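Coordinate inspection notes
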Amino acid sequence: MTGAKVTIVGAGRVGASAAYALQLGSTCRELVLVDVASDLARGEAMDLMHGRAIAGGPCIAAGDYDAARGSDLVIVTAGLRRRPDESRLELIERNVTLFRTIIRELKEAGAGDAVLLVVTNPVDVLTYLAAVELGWPRERTIGLGTALDTLRFRSLLGERLGLDPARIDALIIGEHGDSMVPLLSAARYEGRPLASAPGYSEQAVREAVEATRRAGAEVLRLKGGAGYAVGLAVREVSAAILNEAPAALPVSTVHDAGELAGVALSLPTRVGRRGVKEVVRPQMAEGEHRALIDSAEVLRKTIARVMASA
Ligand code: NAI
């Protein structure tokens, strides 16, 4: 277990699942849950602590924003859900307003030494907003980005191809959203090209790509929103940050130069206690590269609209 302190803002479905995953992974020493619904945060912290005699792991407590002071990592999962009659853009605007209040609270709480991990959607847009408006060094804002999509993709490829997903190496980059880019050209099974794996079929891979793209909407339709898998994705990224893991993970960061300048989106990235260490440009086929540029363009438009509303 690292000696780290982690604060999760938002103790709803995603926040609670992330807290449980962090507890079972013994990722930190101290875990604080902050939610405007303070009884919910207290209840979740209490429930998790009741399992500590078996789970081990961190001391977990509910607190207000002041309790975030001294955190090594702050994970923001607080968000609003779409109203039945609401457009996607209206929801974005409400979540942006909410996110700005959270940024202000974190600044006032003196959590300025932490790495910020943004999970709330639209995650790439809010990662950009936080990196620009938080006033902390930019490399200390990281979005969960396509970490969940990548986890889903590997699991679904394993299911469709009859392979152990833990041995599949495959990445999704770009937007956490419809324009996500699966890097099929670089996919591997046990270190060899996926196309040479036993039982490989192009049709099954196409199905896995489509199922990954639809996964978020499908889980939302069936049970109201993602929880377990996103909790594990948060744990994977948190552990990499706190333990300075050498592996590059697909997380969202602000890009300053070249064709991706002015957007936050996911590329394989090495992270650590000070945030982003290195963004790795993956090998891409020409079509994948073009799709990445298109994904950046989709995000650039939304980011421009959101930043103009400041
Ligand atoms: P939820 O409605 O269950 O929980 C949200 C929580 O935020 C609520 O408990 C609410 O009281 C709290 N909250 C609202 N305003 C707050 C504030 N100012 N300070 C502190 N807490 C506040 O929603 P759920 O299902 O947990 O989703 C949360 C967010 O995570 C959504 O934006 C969702 O789209 C996003 N998400 C992101 C994923 C990713 O891969 N990046 C995957 C799944 C969900």
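Overview of the structure. (Residues numbered from 1 in each chain as written. Predicted model: local features only at pLDDT ≥ 70, side-chain atom pairs only at ≥ 80, totals over all residues. Heavy atoms only, no water.)

Before going further, it helps to examine the site of the ligand. What surrounds the ligand is a group of 24 residues, the closest being R13, V14, D35, Y65 and V119. A distance of 3.0 Å separates an oxygen atom of the ligand from a polar atom in the side chain of N121. Contact with the protein chains removes 84% of the 870 Å² of surface that the ligand exposes when unbound. Those elements that provide at least two residues to the shell around the ligand are helix 1 (13–24) and helix 4 (88–109). Here the residues of the shell around the ligand sort into 14 nonpolar, 7 polar and 3 charged. When residues are assigned to domains, the shell around the ligand turns out to be shared by domain 1 (5–143) and domain 2 (147–308), each giving three or more. (Near = heavy atom within 4 Å. Polar contact = N/O pair within 3.5 Å; in protein donor to acceptor, adjacent residues only side chain to side chain. Areas by Shrake-Rupley, 256 points an atom, 1.4 Å probe, with all protein chains shown as cover. Helix = DSSP H or I, 4+ residues; strand = E, 2+ residues; numbered from the N terminus. Nonpolar A, V, L, I, M, F, W, Y, C, P; charged D, E, K, R; others polar. Domains from an automatic or database assignment.)

Here we take up the sheet that holds strand 10 (residues 188–189). Taken together, 3 strands build an open sheet; the order of strands is 7-10-11 and the sheet is antiparallel. The sheet is open, and its two edges are formed by strand 7 (168–169) and strand 11 (192–193), each paired on a single side. (Pairing = 2+ DSSP bridges.)

With that settled, consider helix 6 (residues 147–161). An ideal rise of 1.5 Å per residue puts 21 Å on 15 residues; helix 6 measures up with 21 Å between its terminal C-alpha atoms. Every buried residue belonging to helix 6 is among A147, L148, D149, T150, R152, F153, L156, L157, G158 and L161, and all of these are buried. Tucked inside the fold, the buried residues of helix 6 contact strand 7, strand 8 (172–173), strand 9 (181–182), helix 7 (202–223), helix 8 (228–243) and strand 12 (249–255). Once helix 6 finishes, G162 follows within two positions and takes phi at roughly 70°, a positive value. (Expected span 1.5 Å × (residues − 1). Buried < 20%, exposed > 50% of the residue type's maximum accessible area, 1.4 Å probe, protein only. Contact = heavy atoms within 4.5 Å.)

Read these as layout, nothing more, since geometry by itself doesn't imply function.
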